Structures are given as C-alpha cells and as structure tokens.
Amino acid sequence: MSNSLPQMSSGSEADAHGMIMDEKKRKRMLSNRESARRSRMKKQKLLEDLISEVACLKVEIQKNTDKFEILMQKTVDLESENNVLKAQQIELAQYLRNLELMQTHKEPHAESWQCHGSTQPLLGCSTIEFCSKTR
C-alpha cells in the first residue's frame, strides 16, 4: 500500500535529514565559489594575455609604420631620379637625332658647334636646338 502522502518521521530522522541537506548545500556552495574563482582567474589571465598581445601589436605597427615611411621616401627619391633620367633620355635622343641630321646634311665648310654637356666641337648646321655655337 503506497500512498502519495509523506509519512511522518520522528524528530531525530528529520534532524538527520536536515543536516544531510545542509551539508550538501554547503558543499554545493563551496563548489560554486571555487568554480566562480577559477572562472575569474581564467578571465583575468585572458585579459592579461590580450593586453600583452595589444602591446606587441602596437610595437609591430610602429615598426611597420617606420618601414613604410622609409619606403615612401625611397619611392619619392626614385621617382625623382626616374624623372631626371627620362629628361636626360629625351635630351640624348634629340642630341642623337641632331647628330644624325648633321651627318646627312654635312656641309664642307660648316661652322663648329659644341653640344650641351660635351667638350668637343661638332660640325653641324645652325638648326641644332640643344647646341650652342663656339668660336
């Protein structure tokens, strides 16, 4: 015969049952506190690791910024040098065309000409643009 009503127990059984429940509750509370402590420690360690990583990344960013600035300056310098070389190439190409023109139109008593940047006089006609007449 089983019925759903709880049976009455004696006072000492109730006290023993209450003490067991109190002990379980106390153990559970201690376990929860320890778990929370471990969780806080884990969270603190993660935060410290992230702070350290941020510091390392800031150092790396600064190094890369310095390298970038150096490379940009080199780029500016090389572009400037490239522009000078292009101008020289154009000037030399014109000089070559003038020389070829002088060779094809060589006159027996042509005046002596000295080309820009050259110390030797050249024979040529007066139409050479980048040359100046020498005496």
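Bear in mind that the values here come from a model prediction, so they are computed numbers and not experimental data.

Peer 1: Please give an account of the overall build of the chain that cites residues and values.
Peer 2: Within the chain one finds 1 helix and 3 strands. Each helix and strand of the chain, ordered N terminal to C terminal, gives the series α-β-β-β. Across the 135 residues in the chain, those meeting the buried criterion constitute 7%.

Peer 1: Please set out the pattern of salt bridges residue by residue, giving values where relevant.
Peer 2: Scanning the entire structure with this criterion turns up 4 salt bridges. With a closest N to O distance of 3.1 Å, Asp 49 and Lys 45 form a salt bridge. Placement of the pair is Asp 49 and Lys 45 together in helix α1 (residues 11-104), with a separation of 4 residues, close to one helical turn. Put simply, Glu 34, Arg 37 and Arg 38 are held in one network by salt bridges that share partners.

Peer 1: Before we move on, can you summarise the confidence of the model for the chain with the specific residues and values?
Peer 2: Regions with low pLDDT should not have their predicted coordinates read in detail. The predicted model of the chain has a mean per-residue pLDDT of 82, with 70% of residues at 70 or higher. Per-element confidence in the chain is highest for α1, whose mean pLDDT is 95, and lowest for strand β3 (residues 131-133), whose mean pLDDT is 45. Note that residues 123-135 has pLDDT below 50 and, in this model, 32 contacts with residues that lie over four places away or in other chains.

Conventions we followed
- Residues numbered from 1 in each chain as written.
- Predicted model: local features only at pLDDT ≥ 70, side-chain atom pairs only at ≥ 80, totals over all residues.
- Heavy atoms only, no water.
- Helix = DSSP H or I, 4+ residues; strand = E, 2+ residues; numbered from the N terminus.
- Buried < 20%, exposed > 50% of the residue type's maximum accessible area, 1.4 Å probe, protein only.
- Salt bridge = Lys/Arg side-chain N within 4 Å of Asp/Glu carboxyl O.
- pLDDT = per-residue confidence, 0-100.
- Contact = heavy atoms within 4.5 Å.

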